[in-house]
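Structure at a glance
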Amino acid sequence: MDDLESEFNLKVVLVSFKQCLNEKEEVLLDHYLASWRGLVRFLNSLGTIFSFISKDVVAKLQIMEQLCGGPQREHYGTLQAMVAYEVGSQLVDLERRSRHPDSGCRTVLRLHRALHWLQLFLEGVRTSPEDARTAALCTDSYNASLAAYHPWIIRRAVTVAFCALPTRKVFLETMNVGSPEQAVEMLGEALPFIERVYDISQRLYAEHALLDLP
């Protein structure tokens, strides 16, 4: 495990999102989940600051792994196939969580929202000046994404936790891709892969009116 941790760098994780799309630009769920497992390792490397997100993500990944390996696994190869199957079979709670609280559509939506926050945050770090406060960047990204889905008490606790984030320089060094300048360059090359996966997923969910699942 120590060897795995020492070899970890964020570029490998971000570039792995490129593998999430097949030639039809469908989202391959096995690669999507694998990419998220890498992001969890990155979040955990920053300490307990992001535990409120990483713990929830791990729970969602476990749900999806069960669906992808379960008796209906043939419907869970791509995000598009999953949505078509669950919507067509009425396996999605559209108005309130009741009969299908852990549907694949609902579970991936939570991962999708968290991915947007990470995308915005890392893009903010990439484009910000050297003296920018990572806590402020993270809070702004959170407020523009996940905050809308959390109650006030969670929002308050989260923004306080962000104050423990390291400086921008130290944060860039945790990516394990070299100097802060190299990390910024890497983010510029790799973040578009996340953005593409996010945009395709967002469009799919919007087409099926699934963006506000309870």
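Residues numbered from 1 in each chain as written. Predicted model: local features only at pLDDT ≥ 70, side-chain atom pairs only at ≥ 80, totals over all residues. Heavy atoms only, no water.

For clarity, the cut-off: UniProt positions are given in the numbering used here, feature names are shortened, and annotations may be inferred rather than shown by experiment.
In the annotation of an unreviewed UniProt entry, the protein chain is listed under the name Ceramide-1-phosphate transfer protein and assigned to Eschrichtius robustus. In the Sequence similarities (unreviewed entry) part of its UniProt record, the protein chain is described as follows: "Belongs to the GLTP family."

1. Observations regarding a nonpolar patch on the surface
Put simply, the rule reads: Residues qualify for a patch when their relative accessible area is over 30% and they have no salt bridge, like charges being joined within 9 Å and the nonpolar side chains of Val, Leu, Ile, Met, Phe, Trp and Tyr within 5 Å. Here the open area of atoms and residues is found with the Shrake-Rupley method and a 1.4 Å probe, where only the protein chains shown may cover a residue. Any carboxyl oxygen of Asp or Glu that lies within 4 Å of a side-chain nitrogen of Lys or Arg is treated as forming a salt bridge with it. Here a helix means four or more residues in a row that DSSP labels H or I, a strand means two or more in a row labelled E, and each is numbered from the N terminus.
Taken together, the side chains of Trp152, Ile153 and Ile154 make up a nonpolar region of the molecular surface, amounting to roughly 350 Å² of accessible area. Structurally, Ile154 can be placed in helix H8 (residues 152-162).

2. Quick look at the UniProt feature "domain: Glycolipid transfer protein" (unreviewed entry) in the protein chain
In the numbering adopted here, UniProt assigns the feature "domain: Glycolipid transfer protein" (unreviewed entry) to residues 28-176. The distance separating the terminal C-alpha atoms of residues 28-176 is 27 Å; by composition the span is 64% helix and 0% strand.

3. Topic: the nonpolar core
Using the following cut-off: Throughout this description, the term nonpolar core refers to a set of buried Ala, Val, Leu, Ile, Met, Phe, Trp, Tyr and Cys residues connected via side-chain atoms within 4.5 Å. Partly exposed residues are those whose accessible area sits between 20% and 50% of the maximum for their type, while under 20% is buried and over 50% is exposed, using a 1.4 Å probe and protein chains only. The contact criterion used throughout is that any non-hydrogen atoms of two residues lie within 4.5 Å.
Membership of the largest hydrophobic core comes to 64 residues, with the highest contact counts inside it found for Tyr32 and Trp117. In contact with Tyr32, other than residues within four places in its own chain, are Phe17, Cys20, Val27, Val108, Leu111, His112, Leu115 and Val197.

4. A look at the confidence of the model for the protein chain
To keep things clear, this is the line we draw: Confidence per residue, as judged by the predictor, is encoded in pLDDT with a range of 0 to 100.
Of all residues in the protein chain, 96% attain a pLDDT of 70 or more, and the chain-wide mean is 92. Mean pLDDT in the protein chain bottoms out at helix H1 (residues 2-7), which sits at 44, and peaks at helix H5 (residues 79-88), which reaches 98. Contacts from residues 1-6, a stretch scored under 50 in pLDDT, to residues over four places away or in other chains number two contacts.

5. So, the environment of Leu14
With respect to the helices, strands and loops of the structure, Leu14 is situated in helix H2 (residues 10-16). Distance in space between the C-alpha atoms of Leu14 and Trp117 is 14 Å, their sequence separation being 103 residues.

6. So, H5
Turning to H5, its buried residues number three or more, namely Leu79, Gln80, Met82, Val83, Tyr85 and Glu86. Where H5 is buried, its residues meet helix H3 (29-45), helix H4 (51-68), helix H6 (104-127) and helix H10 (180-207). Phi turns positive, to about 55 degrees, at Gln90, one or two residues after H5.

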